[in-house]
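Secondary and tertiary structure notes
Chain by chain, the residues:
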Amino acid sequence: MQPLVLGPNQPPTFYRGGGRIASFRGTAATDSPEDWVASTTSRFGLAPAGLTTLDDGSTLLAAVRADPVGWVGDDSADIGVLVKLLDTGQRLPVHVHPTRDFARAHLGSPYGKTEAWLVLEAEVDAVVHLGFSRDVGTEELARWVEAQDVAALLAVTNHVPLRPGDAILCPAGTPHAIGEGVLLLEVQEPTDLSVLLEWEGFAAGPPQATL
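This section reports on the structure supplied with the text. (Residues numbered from 1 in each chain as written. Predicted model: local features only at pLDDT ≥ 70, side-chain atom pairs only at ≥ 80, totals over all residues. Heavy atoms only, no water.)

Let's talk about the layout of surface pockets
- In this structure, the largest pocket encloses a volume near 490 Å³.
- Considering the residues around the largest pocket, the lining is formed by 26 residues, among which Phe14, Arg43, Asp192, Ser194 and Leu196 are closest to the centre.
- Listing elements by their share of the lining of the largest pocket, those giving two or more residues are strand 1 (34-37), strand 2 (82-88), strand 8 (176-178) and helix 7 (206-209).
- In this structure, the second largest pocket encloses a volume near 370 Å³.
- Lining the second largest pocket are 20 residues, with Thr40, Thr41, Ser42, Tyr111 and Pro190 sitting closest to its centre.
- Taken together, the residues of the lining of the second largest pocket sort by class into 10 nonpolar, 7 polar and 3 charged. (1 Å grid on protein atoms, 1.4 Å probe; cavity = no way out; pocket = protein on both sides within 12 Å on 5 of 7 lines; lining within 4 Å. Points joined across faces, edges and corners; volume = space filled by probe spheres on them. Helix = DSSP H or I, 4+ residues; strand = E, 2+ residues; numbered from the N terminus. Nonpolar A, V, L, I, M, F, W, Y, C, P; charged D, E, K, R; others polar.)

Given below as structure tokens:
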């Protein structure tokens, strides 16, 4: 099998990029915030958005399904990973990804969304909000989410400074929000499942934000 050179694959999403992906790739300027690299995963409920397209117009997913042994090494046709370039032109909303157990029970997916980030570029004051710094009760969290009290949500997160070369694991179920001014390589389980605790200015409302 010959190597394939794949171009950018940038499905639309709900937040702004900062032009760093185009600069990193050396391609035409764009403010698209995500590049799904060699992706066989589609946007949640929006297929074929997210799937990498080959030169002949077919998808990488179709090629893998047609020859799973050649691509994956067995007949599962499951690459088992999604890799993204992610560029934050604004702070992402506070959100959480489901665990595998939750995804199997409620979302019809064998995968949740544990992810890891390798920081490629970061502005001097860039941070990630990762997990809560104290125990947060269900009722307390529900009040903040219902009222969209973003200040309260951010106040109880751990503010982790980011520097190029940093590697961070974000287990499924961990509330988090990547700050503005960051380009990172994200390696994750192959899903597009997110539950937003914060949606004002990002999503249309609670039904979309909470799947």
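More follows now that the structure is in view.
Examining the packing of aromatic side chains
- Summed over all chains, the structure comprises 2 aromatic pairs.
- Between Phe14 and Tyr15, the aromatic rings sit 5.5 Å apart at their centres with planes inclined by 70°, giving edge-to-face as the arrangement.
- Ring centres of Phe14 and Phe202 lie 6.2 Å apart, and the angle between their planes is 85°; on these two criteria the pair is classed as edge-to-face. Pair noted here: Phe14 is in the segment before helix 1 (20-25) and Phe202 is in the loop between strand 10 (195-196) and helix 7, with a separation of 188 residues, a long-range link.
- Residue classification places Phe14 among the partly exposed residues on the basis of a relative accessible area of 35%.
- Here a set of aromatic residues connected by ring pairs shows up, and it is made of Phe14, Tyr15 and Phe202. (Phe/Tyr/Trp six-rings, centres within 6.5 Å; stacked < 30°, edge-to-face > 60°. Buried < 20%, exposed > 50% of the residue type's maximum accessible area, 1.4 Å probe, protein only.)

Notes on the pattern of salt bridges
- Under the definition given, this model contains 11 salt bridges.
- Notably, a salt bridge pairs Asp35 with Arg25, separated by 2.5 Å at the nearest N-O pair. Here Arg25 lies in helix 1 and Asp35 lies in strand 1, a separation of 10 residues in the sequence.
- Here Arg25 falls in the partly exposed class, since its relative accessible area comes to 30%.
- Ionic pairing is found between Asp192 and Arg43, a salt bridge with its closest N-O pair at 2.9 Å. With Asp192 in the loop between strand 9 (182-188) and strand 10 and Arg43 in the loop between strand 1 and helix 2 (60-66), this pair connects stretches of sequence that are 149 residues apart.
- Using a relative accessible area of 15% as the deciding quantity, one classes Asp192 as buried. (Salt bridge = Lys/Arg side-chain N within 4 Å of Asp/Glu carboxyl O.)

Topic: the sheet that holds strand 7 (residues 167-170)
- Spatially, 1-2-9-4-7 is the arrangement adopted by the 5 strands of the open sheet, whose pairing is antiparallel. In this open sheet, the two edge strands, each paired with only one partner strand, are strand 1 and strand 7. Between one strand axis and the next, the sheet turns by 20° as a mean value, whatever way the strands run.
- Looking at chain direction, strand 1 and strand 2 are connected through 4 bridges and run antiparallel. Looking at strand 2, one finds that Glu34 is bridged to Leu86. (Pairing = 2+ DSSP bridges. Axes fitted to C-alpha atoms, helices over the stretch in contact; angles between N-to-C directions.)

Some remarks on a nonpolar patch on the surface
- A cluster of nonpolar side chains, Ile79, Val81 and Val187, forms an exposed patch at the surface whose accessible area comes to about 190 Å².
- Positionally, Val81 belongs in the loop between helix 3 (68-72) and strand 2.
- By relative accessible area, which is 32% here, Val81 ends up partly exposed. (Patch = residues over 30% accessible without salt bridge, like charges linked within 9 Å, V, L, I, M, F, W, Y side chains within 5 Å. Areas by Shrake-Rupley, 256 points an atom, 1.4 Å probe, with all protein chains shown as cover.)

Describing the nonpolar core
- Formed by 15 residues in total, the largest nonpolar core has its most connected members in Trp117, Val128, Leu162, Ile178 and Val182.
- Those residues in contact with Trp117 that lie beyond four places of it in its chain are Val128, Leu130, Asp166, Ala167, Ile168, Cys170, His176, Ile178, Leu184, Leu185 and Glu186.
- One finds Val94, Val145, Leu153 and Ala209 within the second-largest nonpolar core, a separate group that totals 13 residues. (Core = buried A, V, L, I, M, F, W, Y, C linked by side-chain atoms within 4.5 Å. Contact = heavy atoms within 4.5 Å.)

Some words on helix 5 (residues 138-147)
- For helix 5, the complete set of buried residues consists of Glu140, Trp144 and Val145. Taken down its axis, helix 5 places every buried residue within 130° of arc, on the same side. Of the exposed residues in helix 5, the ones pointing more than 90 degrees away from its buried face are Thr138, Glu139, Arg143, Glu146 and Ala147.
- Each element contacted by the buried residues of helix 5 is listed here: helix 6 (150-155).
- Where helix 5 ends, the next residue or the one after it, Gln148, has phi of about 50°, a positive value. (Arc of directions from axis to C-beta.)

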